[in-house]
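So the chains spell out like this:
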Amino acid sequence: MPTEPEPLENPSELAARAIRDQLAAGAPLTMLDVREPAERSFAAIPVPEGVVDLFVPMREVAARVDEIRQAVAVAGGPVVVYCHHGVRSMAVARWLADQGMGPIVNLKGGVDAWSIEVDSGVPRYF
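An account of the accompanying structure is given in this report. Please read these numbers as outputs of a predicted model, since none were measured by experiment.

## Points about the nonpolar core
Then step 1. Counting residues in each nonpolar core, the largest one holds 20 residues, and the members touching the most others are Leu 32, Ile 68, Val 81, Leu 96 and Met 101.
Then step 2. Counting residues per element, this core draws most heavily on helix α3 (residues 65–75), at 5 residues.
Then step 3. Setting aside anything within four residues of it in sequence, one finds Val 81 in contact with Leu 32, Val 34, Ser 89, Val 92, Ala 93, Leu 96, Ile 104, Val 105, Asn 106 and Leu 107.

Next up, the structure:
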């Protein structure tokens, strides 16, 4: 008798190229940037038209969770959480998963990985 596939972990983690491919294929994603305003103004992942692009600094996520839920409902697909290197975003991704949201995906390596692997036009910062 065949076994059922293992469910994906929530949150899961994907490389920048995999997320780029999903965006290019028109996947219904919500991109959630949890960095600080100065970071966002310096460098941001360009999001194609039709993709929900949310900016909610990590310190505001709990207070704005209903706004995030509404955006996800509009998009109808996974939430891709990202920060500078992927550490803060993984903490947020785990918290969102604990709140019953899903699927949640952490951008492995954050916006820095996006700059290195996908789009060198996105500035790197330290």
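Structure shown, so let's carry the discussion forward.
## Focus on the pairing of strand β5 (residues 104–107)
Then step 1. In β5, alternate side chains face the same way, and those of Ile 104 and Asn 106 on one face and Val 105 and Leu 107 on the other are all buried.
Then step 2. Of the pairings in the sheet, the one linking strand β1 (residues 12–14) to β5 comprises 3 bridges and is parallel in character. When the sheet's bridge partners are listed, Glu 13 is paired in β5 with Asn 106.
Then step 3. As a crossover connection, the stretch from strand β4 (residues 79–82) through helix α4 (residues 87–98) into β5 is right-handed.

Thresholds, definitions, all that
Residues numbered from 1 in each chain as written. Predicted model: local features only at pLDDT ≥ 70, side-chain atom pairs only at ≥ 80, totals over all residues. Heavy atoms only, no water. Core = buried A, V, L, I, M, F, W, Y, C linked by side-chain atoms within 4.5 Å. Buried < 20%, exposed > 50% of the residue type's maximum accessible area, 1.4 Å probe, protein only. Helix = DSSP H or I, 4+ residues; strand = E, 2+ residues; numbered from the N terminus. Contact = heavy atoms within 4.5 Å. Pairing = 2+ DSSP bridges. Right-handed = clockwise from strand over helix to strand, strands pointing away.

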